[in-house]
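# Structure at a glance
Residues per chain are reported as follows:
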Amino acid sequence: MNEKSIIIFGAGKIGRSFIGQLFGQSGYKITFIDVDKDLVEQLNRNKSYPVVIKGKTEKTIIVKNVHAISGLNFDAVKEEIARTSLMAVSVGKNALEKIIPIIAEGLILRYELYPNHPLDIIIAENMRSAAQFIHNHLIHSLPENFPLEKLVGLVETSIGKMVPMMTKEELSQNPLMIFAEPYNTLILDKKGFKNLIPEVAGLSPKENMRAWVDRKAFIHNMGHAASAYMGTFFHPNANYIYEVLNDKKILIAVRQAMLQAADVLHAYYPNDFSKHDLVAHIDDLLERFQNNALKDTIFRVGQDLPRKLGIDDRFAGIIIMAHQKHLKYDRILNAMSYGFFFCKTNDLGQANPQDVIFLQMLKENGVERTLEMLCGFNAHTHHFLIEELNVQYLKLKKTVPELNL
């Protein structure tokens with residue numbers, strides 16, 4: 001078995017700039033699993049890659065001791081899973097389901113070769129209940145008698161690092177280069193590990209992971225998306241998050257929505273967060289959102305409306321929590337309603353296809369049908385929220401020209 005080695009499924013932005021950087025700088029051998037043939041070949045040719053830190057001063061970190069395997073090379077992937085000391089996944093929820101069968105096969109081989117060596121899997125995904133999601137899918141892919149609870153640690157994380165999209169021109173300079181902000185703290189579930197927690201600088205284990213996942217979703221993600229949606233509405237020609245937050249009215253409105261979310265989280269998790277800590281976290285985030293060196297695009301932050309306006313995502317999720325405790329959520333709901341007018345494109349002039357579908361359905365069928373069909377809302381259970389969003393949508397619609405789809 002390879003000591004101080006980590007497999008990372010997904011050699012994308014978070015995989016390389018965050019997980020790979022943290023473990024690489026702590027002396028781990030890094031093996032990326034990815035289906036991008038060119039990326040795999042380039043990583044194997046260079047055996048390293050640069051991470052450009054975009055802050056007040058710019059610096060470049062070279063992550064070394066890097067290897068890559070094609071995700072289509074099932075035998076090699078299984079062998080690597082069997083012998084690694086640690087694993088991480090950072091592929092996105094849709095792809096996550098697709099890689100679980102091959103992970104299961106690797107676990108079976110590992111059990112045959114090293115029956116007493118648990119494998120901890122760091123779940124570097126922006127999703128709630130990620131450990132339960134993987135657990136449920138692994139059960140169906142593993143033999144009935146496989147000791148899953150004993151041999152697999154499912155470690156949820158809160159991914160707070162912002163990694164912007166890079167332009168075609170920037171990528172052409174070096175396809176392995178990746179940009180990132182200076183923030184480098186990986187919050188993860190202390191209770192998820194079966195082995196000792198790795199001694200890696202930047203890891204921040206927490207007892208009550210649910211509280212920290214919710215803090216990320218309902219303060220960080222919500223505030224970020226609120227900036228994109230309100231910013232686009234009032235400054236349709238702006239491209240970057242820092243640009244729209246230069247408008248003090250938008251900055252104040254976003255902060256008020258984030259503070260309202262903080263009140264809700266404090267009510268649910270009084271032993272995990274003080275109000276003072278949550279306010280300090282909000283002000284730190286807003287400062288990071290305004291990092292003009294990062295050039296984080298409004299398109300990246302706001303795209304994928306069906307998911308980001310979804311019933312259990314950054315806006316609706318915290319509104320439902322507030323509603324259950326009879327707490328205020330009007331600022332959050334107001335920020336969410338601007339999402340109905342988000343029609344941004346990337347640097348090539350392309351819209352996210354999911355956004356096109358969302359806005360077309362909204363135009364043809366209205367708020368209620370769109371939220372039910374695309375965002376997981378239930379007409380009966382979530383009637384209060386649908387009605388309030390419809391009122392806000394119609395109010396805002398009177399102030400803007402018809403969207404060009």
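Above this text you will find the structure in question.
What comes next concerns the included structure. (Residues numbered from 1 in each chain as written. Predicted model: local features only at pLDDT ≥ 70, side-chain atom pairs only at ≥ 80, totals over all residues. Heavy atoms only, no water.)

### Remarks on the pattern of salt bridges
Pairing is possible between side chains of opposite charge, provided their charged atoms come close. Scanning the entire structure with this criterion turns up 13 salt bridges. With a shortest N-O distance of 2.5 Å, R314 and D313 are connected by a salt bridge. Judged by its relative accessible area of 15%, D313 falls in the buried class. One salt-bridge network, in which partners are shared between bridges, spans D75, K78 and E105. (Salt bridge = Lys/Arg side-chain N within 4 Å of Asp/Glu carboxyl O. Buried < 20%, exposed > 50% of the residue type's maximum accessible area, 1.4 Å probe, protein only.)

### Some details on the nonpolar core
The biggest cluster of nonpolar side chains holds 71 residues, and the ones touching the most others in it are F315, F340 and F377. In terms of residue count, helix α8 (residues 209-234) provides more of this core than any other element does, 14 residues in total. Here F315 is in contact with M222, A225, A226, Y229, K308, L309, I332, A335 and M336, once residues within four sequence places are set aside. By size, the runner-up hydrophobic cluster in this structure holds 36 residues, among which are L22, L39, I159 and L188. (Core = buried A, V, L, I, M, F, W, Y, C linked by side-chain atoms within 4.5 Å. Helix = DSSP H or I, 4+ residues; strand = E, 2+ residues; numbered from the N terminus. Contact = heavy atoms within 4.5 Å.)

### Side note on a nonpolar patch on the surface
On the surface, a nonpolar cluster with roughly 340 Å² of combined accessible area is contributed by V35, L72 and F74. Position of F74 relative to the elements: it lies in helix α3 (residues 74-83). Of the residues examined, F74 reaches a relative accessible area of 46% and is grouped as partly exposed. (Patch = residues over 30% accessible without salt bridge, like charges linked within 9 Å, V, L, I, M, F, W, Y side chains within 5 Å. Areas by Shrake-Rupley, 256 points an atom, 1.4 Å probe, with all protein chains shown as cover.)

### Details of empty space enclosed by the protein
By the definition in use, this model includes four cavities of 30 Å³ or more. Here the largest cavity is characterised by a volume of approximately 70 Å³. Along the walls of the largest cavity sit S158, G160, Y183, I187, W212, R215, K216, H220, H281 and R288, which together make up its complete lining. Mapped onto the lining of the largest cavity, the elements with two or more residues apiece are α8 and α11 (275-289). Among the elements that take part in the lining of the largest cavity, α8 stands out by supplying four residues, more than any other. A per-class count over the lining of the largest cavity returns three nonpolar, four polar and three charged. Forming the walls of the second largest cavity are L107, R110, Y111, H117, L119, F146, L151 and V152. Here the residues of the lining of the second largest cavity sort into six nonpolar, one polar and one charged. (1 Å grid on protein atoms, 1.4 Å probe; cavity = no way out; pocket = protein on both sides within 12 Å on 5 of 7 lines; lining within 4 Å. Points joined across faces, edges and corners; volume = space filled by probe spheres on them. Nonpolar A, V, L, I, M, F, W, Y, C, P; charged D, E, K, R; others polar.)

### A short note on the side chain of D214
Position of D214 relative to the elements: it lies in helix α8. In this structure, D214 is in contact with R128, I219, L265, Y269 and M321, ignoring residues within four places of it in sequence.

### Thoughts on the sheet that holds strand β8 (residues 152-158)
With mixed pairing, the eight strands of this open sheet are ordered in space as β5-β2-β1-β6-β7-β8-β10-β11. Of all strands in the sheet, those bounded by a partner on one side alone are β5 (66-70) and β11 (203-206). Strand-to-strand twist of the sheet, defined as the mean angle between neighbouring strand axes without regard to direction, takes the value 25 degrees. Two elements, strand β7 (residues 119-123) and β8, share five bridges in a ladder whose sense is parallel. Opposite I122, over in β8, you have V155 as the bridge partner. (Pairing = 2+ DSSP bridges. Axes fitted to C-alpha atoms, helices over the stretch in contact; angles between N-to-C directions.)

### Points about helix α1 (residues 13-25)
Taking 1.5 Å of rise per residue, 13 residues should cover 18 Å, and α1 covers 17 Å from first to last C-alpha, within 8% of that figure. In α1, a bend of some 30 degrees at I19 exceeds every other bend along the element. Those residues of α1 that sit buried are I14, G15, R16, S17, F18, I19, G20, Q21, L22, F23 and G24. In the stretch just after α1, G27 is the one whose phi turns positive, near 90 degrees. (Expected span 1.5 Å × (residues − 1). Bend = angle between axes of the 7 residues up to and from the residue.)

### So, the packing of aromatic side chains
Considering all chains together, one arrives at 17 aromatic pairs under this definition. A centroid spacing of 5.7 Å and a plane angle of 10 degrees characterise the contact between Y240 and Y242, whose relative ring orientation is stacked. Through a chain of ring-to-ring contacts, three or more aromatic side chains come together here, namely F233, F234, Y338, F340, F341, F358 and Y393. The positively charged end of K206 is found above the aromatic ring belonging to W212, 4.3 Å away from the centroid. (Phe/Tyr/Trp six-rings, centres within 6.5 Å; stacked < 30°, edge-to-face > 60°. Lys NZ or Arg CZ within 6 Å of the ring centre and 35° of its normal.)

### Quick look at the environment of G202
Note that G202 resides in the loop between β10 (186-189) and β11. Placed 141 residues apart in sequence, G202 and C343 show a C-alpha to C-alpha distance of 37 Å. The residues touching G202, leaving out its near neighbours within four places in the chain, are L22, N184, T185 and L186.

### Some remarks on the pairing of β10
Judged by which residues are buried, β10 turns out to be covered on both faces: L186 and L188 on one side and I187 and D189 on the other are all buried. As paired strands, β8 and β10 are joined by two bridges and run antiparallel to one another. Bridge pairing links T157 to L188 in β10. Pairing analysis gives four bridges linking β10 to β11, with the strands arranged parallel. The residue of β11 that forms the bridge with I187 is S204.

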